[in-house]
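The chain contents come next:
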Amino acid sequence: MVRKAILVIAAAVLLIAVAACAPAPPEEIKIGAIMSKTGALAAMGELIGDCAELAVKEINAAGGVLGKPVKLLLEDDATDPAKSLEAFKKLVEVDGVEVVVGPMISGAVMSIGPYAKERGVLLVSPSATSPAISEEPWTDFAFRTTPSDTLQGKALAQVITERGFKKVAILVMDNAYGVGIEVVAEEELKDKVDIVASIRYDPAKLDYLTELGIIKDKKPDAVLHVGYHDDAAVVYRQALELGLDAIQWIAAEGVYGFDFKISEDASEFMRKAVIGTGLTAVGPAQDEFRAAYKKEFGVDPGLLCDTAYDAVKLLALAIEKAGVYDGAKIRDALWEVGKEYAGVSGTITFNEKGDRVSGTYEVWKVDLVEGEYSWERIGLISL
């Protein structure tokens, strides 16, 4: 009995010693963020950055994390993978962050991924959707609060088949985002439609008359398009010049939130010819989030703002659960808190690759009301 009591006391002393050796949390909990405040996705990035700020403000109002205030360190990557890696290294090596929300684009995640794993720093992208990310060996340090385009490719294909289109041209940016959707959509449409052209373009070229001429010659009854705001402005303006507004265009969410002031012709083309898909959510949590955002910033949140907000909230929960500010331990905790998490963007569950496994996509169109262009939801697809 004496021996047993000694062992119990020794174990208790050991536990106390281990607890005493655990590192104390820093005076402030840093969450890095990499957003496209400039470049092709500047308009979207500005709104997404605001959502991250809103989440941090709410977390601090509720007492912070581990009893400490949260500080958001926001960097701009100009929608460029190389600059995104530079921003990530700055956050890690200069600012000492262990977790990062972002970057926004798939190419940037691909650029950062190996370094993030090497340094044991966790990233959670709210908007990178390429299915290729799932195949990389560093995904245990790269999570996504938006589903991969394995789902959006299916949603786009569903829109095409349900509307009865038979001859389809595919026009996508030649990058991880565009090619990722192209591959999934082609597989989904196989044996269902005739794909008369599959064209990849350079988003920096900003002249697409050659590509659009091929589409015109092929005479499709629908065009599947994947682009960003800047290149879409040119694609749609030139498509209008070629009379391609008589064909139905189905676009991915990269063009959603397009600044209608950029081009009247492109805006009018979108009104006449474009519908599209994008991740969305419905329900009280989404309504409360939208009301809080509008109260804070005076405008409605944009596409994928809610997934950025959820990314910050999930990281805060994971840091709290981990009990320490350490990227690897926070990563392990994120898998635990990321099971049936009731986010404002819908229910979030991560698989072993850090991918969100489900989502609801809205079908949208552009409308013109009292001289103002606006976005209108015309359908929902749950996957």
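Please read these numbers as outputs of a predicted model, since none were measured by experiment.

### Some points on the overall build of the protein chain
Within the protein chain one finds 12 helices and 14 strands. In terms of its C-alpha atoms, the protein chain occupies a principal-axis envelope of roughly 90 × 45 × 40 Å. Of the roughly 16,100 Å² of accessible surface on the protein chain, 53% is carried by carbon and sulfur atoms. Distance between charge centres in the protein chain, computed from 40 positive and 59 negative side chains, equals 4 Å.

### What to know about the UniProt feature "domain: Leucine-binding protein" (unreviewed entry) in the protein chain
UniProt's feature table lists "domain: Leucine-binding protein" (unreviewed entry) at residues 28-367, given in the numbering used throughout. Between the end C-alpha atoms of residues 28-367 there is a gap of 46 Å, over a span that is 44% helix and 20% strand.

### Focus: the domain arrangement of the protein chain
Domain parsing of the protein chain yields domain 1 (29-148 + 283-358) and domain 2 (150-280 + 361-382). Using C-alpha coordinates to define each centre, domain 1 is positioned 27 Å away from domain 2. Each partner contributes to the interface: domain 1 provides 21 residues, whereas domain 2 provides 17 residues. Taken together, both faces of the contact between domain 1 and domain 2 bury some 1,500 Å²; the carbon and sulfur share is 66%. In this structure, the connection of domain 1 to domain 2 is made through 0 salt bridges. At the boundary of domain 1 and domain 2, one finds 3 residue pairs in polar contact (both at pLDDT 80 or more). Contributing elements (two or more residues each) for the side of domain 1 that touches domain 2: α2 (42-61) and α4 (106-119). By residue class, the composition of the side of domain 1 that touches domain 2 is 10 nonpolar, 10 polar and 1 charged.

### Quick look at the nonpolar core
Ranked by size, the top nonpolar core spans 126 residues in total, and within it Phe88, Leu171, Leu212, Tyr236, Trp249 and Leu334 carry the most contacts. Considering each element in turn, this core owes the most residues, 10 residues, to helix α11 (residues 305-322). Residue assignment places this core across two domains, with domain 1 (29-148 + 283-358) and domain 2 (150-280 + 361-382) each supplying three or more. The contacts of Tyr236, once residues within four sequence positions are left out, are His225, Trp249, Ala251, Val255, Ala266, Phe269, Met270 and Val274.

### Notes on unusual backbone geometry
The omega torsion across Gly102 and Pro103 is 0 degrees, close enough to zero to call that bond cis. For Pro103, the position within the fold is in the loop between β3 (99-101) and α4. Residues other than glycine seldom take positive phi values, yet Lys219 does so here, at roughly 55 degrees. Its location among the elements puts Lys219 in the loop between α7 (209-218) and β8 (222-226). The residue Glu340 is not glycine, and still its phi comes out positive at about 55 degrees. Residue classification places Glu340 among the exposed positions, given a relative accessible area of 62%.

Rules and cut-offs
Residues numbered from 1 in each chain as written. Predicted model: local features only at pLDDT ≥ 70, side-chain atom pairs only at ≥ 80, totals over all residues. Heavy atoms only, no water. Helix = DSSP H or I, 4+ residues; strand = E, 2+ residues; numbered from the N terminus. Areas by Shrake-Rupley, 256 points an atom, 1.4 Å probe, with all protein chains shown as cover. Lys, Arg positive; Asp, Glu negative; His and termini not counted. Charge placed at Lys NZ, Arg CZ, Asp CG, Glu CD. UniProt positions renumbered as here; feature names shortened; annotations may be inferred. Domains from an automatic or database assignment. Contact = heavy atoms within 4.5 Å. Buried area = accessible area lost by both parts, 1.4 Å probe. Salt bridge = Lys/Arg side-chain N within 4 Å of Asp/Glu carboxyl O. Polar contact = N/O pair within 3.5 Å; in protein donor to acceptor, adjacent residues only side chain to side chain. Nonpolar A, V, L, I, M, F, W, Y, C, P; charged D, E, K, R; others polar. Core = buried A, V, L, I, M, F, W, Y, C linked by side-chain atoms within 4.5 Å. Buried < 20%, exposed > 50% of the residue type's maximum accessible area, 1.4 Å probe, protein only.

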